[in-house]
Amino acid sequence: MSLRISRAKSVTGQFRPPSDKSLTHRAYMFAAIANGVSRVYSPLRGEDCESTRRCLEAMGLQSNELPTGFELTPVGEWKEPTGELDCGNSGTTMRLLSGLIASRPLSATLVGDESLSRRPMKRIATPLKLMGAKIEGDQAPLTIHGGTLKAIDYMSPVASAQVKSAILLAGLRAEGVTVVREPSLSRDHTERMLTFLGVDLQTTTLCEGTVQHVLEGGQTVKPFEFTVPGDISSAAFFLVAGALFGEEVVATELSLNPSRTGILDVFEQCGLSYTVESPKSEMNEPSGNLVLHARPEPLKPFQISGDLVPRLVDEIPVLAVLATQAEGTSVIKDAAELRVKETDRIETVAKHLKMMGANVETFEDGMAITGPTPLVGAKIQAKGDHRIAMAFAIAGLIAEGETVIQGEESIATSYPDFLEDLARLATY
Ligand code: S3P
């Protein structure tokens, strides 16, 4: 199947983005380890989070559908799954579940689709083995023989919330005090939510930006009720579309966790302004309605590097599309992690942007894009990468002629209603 996109006249209006993927994964997992019944409202019903819920159910979690979510009842002792645990396309499912399984007396084999089977798992297997788990495989399929773990003091070579969370979740049941350090702060949902659920987890920034997380084993997690706010990584597609057309776009009930809002810093660099209305916080997670104002001036180029990268890592494909229309050279560096996402996003983005007429140079850890250049429609191979499919759907809205996106089924992993929102916000 393919998706055909033609040039739009404008993109403007209000939308409620799909619920946050990272928060939904965590809500399901924390419900599975809580000491009571939890309720999760408005979870993301995309494929990635459904994989997490199904895997947890295979180990004993009971989920009863409510009109707007799930009531989740955990089992005291997780049971060993009878078959393989299918994580689909989801790195978060595979990596965080590995930490939970490693610290329980059971064995499980985690498998994934073609893209997930290529992604690096050594980054979680190494620390979990140091804690005492037996793990076969550095890539999926991954067989984990869990049991009693001992705490470790570990410096992660990458700022990755998936690595940090896998270790902290294993540390919850390990003997002793687990310490994880990361080179800069990756998204901190695990820390915020677990702290809210009664876990004593201390985070401190050390010298040179290194961030340290400390947690003692043997702590329990309280049950909870949580309404999942919208996902800024998904909202990014229509926010960027608004910025490209210079029109106002409003994303309602949007998660605004500061470790995820790097895109707003980029918008400011581009000369765009925004306001936040009706701010609130639930489970230590801030959210609100984000109004991205209409743009009076041409777009300015932007620079992304260092600590900013983990704060917008999933938004880089669509920000690269934005860069093609900025007046000057935008530079993205320190982003080598993009090479091990659902596809090598540096290569996939650069190749297709060049096919559409953009001026792009790639480096090992990023790219430089010089604009503004008019774009022309092209045939995009999304290769099972949802964010590539959606970023190029947005590029297609400003391109002359037709843009054909192959492999667009992957959009369902994170944004099941993408086409409905596109139809509502775009006029042709
Ligand atoms: C995620 C963390 C990020 C992000 C991914 C979801 C999470 O990956 O790219 O889409 O939910 O923890 P890394 O932590 O590996 O960078």
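Residues numbered from 1 in each chain as written. Predicted model: local features only at pLDDT ≥ 70, side-chain atom pairs only at ≥ 80, totals over all residues. Heavy atoms only, no water.

Draft legend 1. Layout of the overall build of the protein. Assigned secondary structure in the protein consists of 13 helices and 27 strands. A compact globule built from 428 residues should have a C-alpha radius of gyration of about 22 Å, and the protein, at 21 Å, falls within 12% of that. Judged by the C-alpha coordinates and their principal axes, the protein covers about 60 × 45 × 40 Å. The proportion of buried residues among the 428 residues of the protein is 60%. Excluding contacts between residues fewer than 6 apart, the proportion of contacts in the protein whose partners are at least 24 apart in sequence is 75%. Carbon together with sulfur atoms contributes 49% to the accessible area of the protein, which is approximately 15500 Å² in total. Side chains of the protein carry 41 positive and 54 negative charges; the gap between the two charge centres is 2 Å. (Helix = DSSP H or I, 4+ residues; strand = E, 2+ residues; numbered from the N terminus. Rg over C-alpha atoms; globule rule 2.2 N^0.38 Å. Buried < 20%, exposed > 50% of the residue type's maximum accessible area, 1.4 Å probe, protein only. Contact = heavy atoms within 4.5 Å. Areas by Shrake-Rupley, 256 points an atom, 1.4 Å probe, with all protein chains shown as cover. Lys, Arg positive; Asp, Glu negative; His and termini not counted. Charge placed at Lys NZ, Arg CZ, Asp CG, Glu CD.)

Draft legend 2. Just helix H11 (residues 345-355), in detail. Within the sequence span of H11, burial applies to Arg345, Ile346, Thr348, Val349, Ala350, His352 and Leu353. Its buried side turned inward, H11 meets helix H10 (316-323), strand S21 (359-363), strand S22 (366-371), strand S24 (379-381) and helix H12 (386-397). Trailing H11 by a residue or two, glycine 357 shows a phi angle of about 105°, which is positive.

Draft legend 3. Spatial organisation of the packing of aromatic side chains. Counted according to the given criterion, the structure contains six aromatic pairs. Arranged with centres 6.0 Å apart and planes meeting at 90°, the rings of phenylalanine 238 and tyrosine 415 form a pair that is edge-to-face. Taken together, the residues phenylalanine 238 in helix H8 (residues 232-245) and tyrosine 415 in the loop between strand S26 (402-406) and helix H13 (418-425) connect sequence positions 177 residues apart. Assessed through its relative accessible area of 0%, phenylalanine 238 is described here as buried. (Phe/Tyr/Trp six-rings, centres within 6.5 Å; stacked < 30°, edge-to-face > 60°.)

Draft legend 4. Layout of the side chain of serine 234. With respect to the secondary-structure elements, serine 234 resides in helix H8. Residue serine 234 is classed as buried on the basis of its relative accessible area of 1%. Apart from residues lying up to four places away in sequence, serine 234 is in contact with Pro18, Arg387, Ser414 and Tyr415.

Draft legend 5. Region of the structure containing the domain arrangement of the protein. By the assigned domains, the protein splits into domain 1 (2-19 + 229-427) and domain 2 (21-226). Counting residues at the interface gives 30 residues for domain 1, matched by 33 residues for domain 2. Surface buried jointly by domain 1 and domain 2 totals about 2600 Å² across both partners, of which 52% is contributed by carbon and sulfur atoms. Counting the surface domain 1 buries against domain 2, the share from its top three residues, Met283, Glu342 and Thr413, is 26%. For the pair domain 1 and domain 2, the number of links is three salt bridges. Across the pair glutamate 342 and arginine 119 runs a salt bridge whose closest N-O atoms are separated by 3.8 Å. Summed over the shared surface of domain 1 and domain 2, the result is 15 residue pairs in polar contact (both at pLDDT 80 or more). Looking at the side of domain 1 that touches domain 2, the elements with two or more residues in it are strand S18 (285-292) and H12. (Domains from an automatic or database assignment. Buried area = accessible area lost by both parts, 1.4 Å probe. Salt bridge = Lys/Arg side-chain N within 4 Å of Asp/Glu carboxyl O. Polar contact = N/O pair within 3.5 Å; in protein donor to acceptor, adjacent residues only side chain to side chain.)

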